[in-house]
Amino acid sequence: MTFATLGLIEPLLRALEALGYQTPTPVQAQAIPAVLAGRDLMAAAQTGTGKTAGFAVPLLQLLTMEGPKVTANSVRALILCPTRELAEQVHASVAQYAEHLPLTTYAVYGGVSINPQMMKLRKGVDVLVGTPGRLIDLFRQNALKLNQLQTLVLDEADRMLDLGFSEELANIYRMLPKKRQTLLFSATFSDDIRLLAGQMLIDPLSIEVSPRNVAANTVKQWVVPVDKKRKAELFVHLMRKGKWKQVLVFAKTRNGVDALVDKLQGLGINADGIHGDKPQATRQRALDRFKASEVQILVATDVAARGLDIEDLPMVVNFDLPIVAEDYIHRIGRTGRAGNTGEAISLVCADEVNMLSAIEMLTRQTLTRKMEQDFEPEHRVPDTDASGQVVKKPKKPKKPKTSGGGGKRNLGKWVESGEVAAEPSIKPVRKVPVFNTGPRKKK
Ligand code: AMP
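The present account deals with the structure reproduced in this document. All residue numbers refer to position in the chain's written sequence, counted from 1. Restriction of local features to residues with pLDDT of at least 70 applies here, the model being predicted, together with a cutoff of 80 or more for giving and counting side-chain atom pairs; totals for whole chains, interfaces and linings are based on all residues. Values reported for side chains reflect all heavy atoms of the structure, with hydrogen atoms and water molecules removed beforehand.

Here's the deal with the nonpolar core
Proteins that are soluble and globular tend to have nonpolar side chains buried together.
Moving on, step 1. Buried residues of nine kinds, namely Ala, Val, Leu, Ile, Met, Phe, Trp, Tyr and Cys, make up a nonpolar core once their side-chain atoms join them within 4.5 Å. Relative accessibility decides the category of a residue: with a 1.4 Å probe and only protein chains considered, values under 20% of the type maximum give buried, values over 50% give exposed, and everything between is partly exposed. In terms of nonpolar packing, the biggest core is built from 41 residues, with Leu41, Phe55, Leu60, Ile79, Val90, Val127 and Phe185 touching the most fellow members.
Moving on, step 2. Those elements that provide at least two residues to this core are α1 (10-18), α2 (26-36), β1 (41-44), α3 (51-65), β2 (75-80), α4 (84-97), β4 (125-130) and β6 (181-186).
Moving on, step 3. Among residues more than four places away in sequence, those in contact with Leu41 are Ala31, Ala34, Val35, Thr182, Leu183, Leu184, Phe185, Leu201, Pro204, Leu205 and Ile207. Under the scheme used here, helices are H or I runs from DSSP no shorter than 4 residues and strands are E runs no shorter than 2 residues, and both carry numbers assigned from the N terminus. Throughout, a residue-residue contact means that at least one pair of heavy atoms, one from each residue, lies within 4.5 Å.

Right, here's the structure in full:
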């Protein structure tokens, strides 16, 4: 199959060829004809599967072939993204695909001045990519009109709910014309997302290009058990031992990111960090420098977990496990993209056993544990498996086979009850928007 056989027009074929896209990926092969046919779409695609082109390319074709010219402050297609970085990245791809088309594209998001965005929107924009909060601000200030909208895309929809954008989504939904095409993309599909899809989509075509909630099999994953207080030391040890070139590291909290970056920089390691407290320009610069291989270690909170496309990233390290198990899939999806192989290593302490268990259950695999010499934890990480079982108490060590050898020797360290801190419930409570604007008409 080629892009030409999917019915794409020549200027798009030229753009894809220039990018080196030779054959459509599975999600593209299914999504492109469906979008061109005007269908609503509900697509579950793993990260790195080429889903951006899957929705953007046919959308650009429809905008070129159909509909009136965009008027002042209007947009004809709106792509909603959960994070600023993702909005930038999606916009960069859309602009590349649209290079030979007579269409305008733009990205808007918070954390930067709104005025230039308002100026830019004055003439109208064919494809607008943005984060929900800033889009609402622009709408409220009359800088954005949605009455010309033909297509709405929700990218990483589950992440938008995770980040608490449910109310913003409900508000945006109320501003939309009833007659439109809606495309919903999500790396994972929770029940909340299915509910949202039921409210927003009409007779959608469901696309699922990979088994639900299974991490990319191009990523080699394993766990190194370690005591919490020795994680940074272990990270540096593994990095030096493995001669790691470029690593994206995920830490749970903003403070955790800063502490690790300080420690690494103090050791003369070329590291930088991104998290939600940093100004947008600083975040983007750190990311750009990492992408350009000018930074060796980028430490991030989950703000960087989704959607970011970093070419040839060989390794992801979970310095802390994510609280939401699904984030594990998104984090490790930063490596092993577009057919490359990658490695994902998780440094796991006893406190994190419930999170480990939830991840194994979600990904339907028991992660291999590799003990690192001299870093064996004093607080043992209880056994887990893909059934979601946590063996709270370790098996009693076997007595030495030789009789009379003194069964009390080699007892090792037992986990005392209470050593494994109880985790909060793994799933956060997500609010699902309630849309009460009645059924809408299909385009
Ligand atoms: P995405 O899942 O949209 O973030 O895409 C992941 C990566 O795959 C990006 O670097 C794309 O440029 C690349 N890509 C998307 N579609 C294709 C294709 N058909 N052939 C080769 N690379 C692709």
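Things to note about the sheet that holds strand β14 (residues 368-369)
Paired through their backbone hydrogen bonds, the strands of a sheet run either parallel or antiparallel.
Moving on, step 1. The criterion for strand pairing is that DSSP finds at least two bridges linking the strands in question. Read from one edge of the open sheet, seven strands run β10-β11-β9-β12-β13-β8-β14, paired in parallel fashion. The open sheet has two edge strands, β10 (271-274) and β14, and neither has a second partner.
Moving on, step 2. Direction of pairing for strand β9 (residues 247-250) relative to strand β11 (residues 297-300): parallel, over a ladder of four bridges. Bridging from a neighbouring strand, Phe250 pairs with Ala300 of β11.
Moving on, step 3. Its contacts with the sheet place helix α12 (residues 280-291) against β9, β10 and β11, and it is angled at close to 135° to β10. Where helices are involved, their axes are fitted lines through C-alpha atoms of the stretch in contact, as for all axes, and angles between N-to-C directions lie from 0 to 180°.

A few points about the side chain of Glu85
Moving on, step 1. Locating Glu85 in the fold gives a position in helix α4.
Moving on, step 2. With relative accessibility at 2%, the residue Glu85 sits in the buried group.
Moving on, step 3. A polar contact of 2.8 Å, which involves the side chain of Glu85, links it to the side chain of Arg283. Polar contacts here mean pairs of N or O atoms no more than 3.5 Å apart (in protein, one a potential hydrogen donor and the other a potential acceptor; neighbouring residues in sequence count only if both atoms are side-chain atoms).

Thoughts on the packing of α3 against α4
Moving on, step 1. Their axes nearest at 10 Å, the elements α3 and α4 cross at an angle of 45°. The angle between the axes of α3 and α4 places the two elements in the oblique class. The handedness of the crossing between α3 and α4 is right-handed. Contact residues: α3 offers Thr52, Ala53, Phe55, Ala56, Val57 and Leu60, while α4 offers Val90, Ser93, Val94 and Tyr97.
Moving on, step 2. In the contact of α3 with α4, the residues fall into eight nonpolar, two polar and no charged. By definition in this entry, angles of less than 35 degrees are roughly parallel, angles greater than 145 are roughly antiparallel, angles of 65 to 115 are roughly perpendicular, and the rest are oblique. The handedness criterion is simple: a crossing whose near helix is rotated anticlockwise from the far helix by less than a right angle is left-handed, and one whose near helix is rotated clockwise is right-handed. In this classification, the charged set is Asp, Glu, Lys and Arg, the nonpolar set is Ala, Val, Leu, Ile, Met, Phe, Trp, Tyr, Cys and Pro, and all remaining amino acids, among them Gly, are polar.

As for unusual backbone geometry
A negative phi holds for most residues other than glycine; trans holds for most peptide bonds.
Moving on, step 1. Here the phi dihedral of Asp203 falls at roughly 40°; this positive angle occurs in a residue that is not glycine.
Moving on, step 2. Of note in this structure, Lys243 is not a glycine but carries a positive phi near 50°.
Moving on, step 3. Topologically, Lys243 is positioned in the loop between α10 (231-241) and β9.

Let's talk about α10
Moving on, step 1. Of the positions making up α10, those classed as buried are Lys231, Ala232, Leu234, Phe235, Val236, Leu238 and Met239.
Moving on, step 2. Contact partners of the buried residues in α10: β8 (219-225), β9, α11 (254-266), β11, β12 (315-318) and β13 (342-348).
Moving on, step 3. Lys243 sits one or two residues past α10 and shows a positive phi near 50°.

Regarding the packing of aromatic side chains
Moving on, step 1. Note on ring pairs: Phe, Tyr and Trp rings are taken, using the six-membered ring of Trp, and paired if centres are within 6.5 Å. Classes follow the plane angle, with under 30 degrees stacked, over 60 edge-to-face and the rest tilted. Applying the stated criterion across every chain, the model contains three aromatic pairs.
Moving on, step 2. An angle of 65° between the planes, with centres 5.8 Å apart, marks the rings of Phe235 and Trp244 as edge-to-face. Comparing Phe235 with Trp244 shows no difference in burial state: the two are buried.
Moving on, step 3. Directly above the ring of Trp222 sits Lys370, whose terminal nitrogen or CZ lies 4.1 Å from the centroid. By definition here, charges over rings are those cases where NZ of Lys or CZ of Arg is within 6 Å of the ring centre and within 35 degrees of the ring normal.

Focus: the sheet that holds β2
Moving on, step 1. Within the open sheet, the seven strands sit side by side as β3-β4-β2-β5-β6-β1-β7. Their pairing is parallel. Each edge of the open sheet is held by one strand with a lone partner, namely β3 (105-108) and β7 (205-208). On average, each strand axis in the sheet is inclined to that of its neighbour by 15°, with strand direction left out of account.
Moving on, step 2. The pairing of β2 with β4 spans five bridges and is classified as parallel. Bridging across to β4, Ile79 finds its partner in Val129.

Some thoughts on the packing of helix α6 (residues 132-140) against helix α8 (residues 166-175)
Moving on, step 1. Between α6 and α8, the shortest axis-to-axis distance is 9 Å and the interhelical angle comes to 40°. When the interaxial angle is binned, α6 and α8 end up oblique. Pair α6 / α8 crosses with left-handed handedness. Mapping the contact onto sequence places Pro132, Gly133, Leu135, Ile136, Phe139 and Arg140 in α6 and Glu168, Asn171, Ile172 and Met175 in α8.

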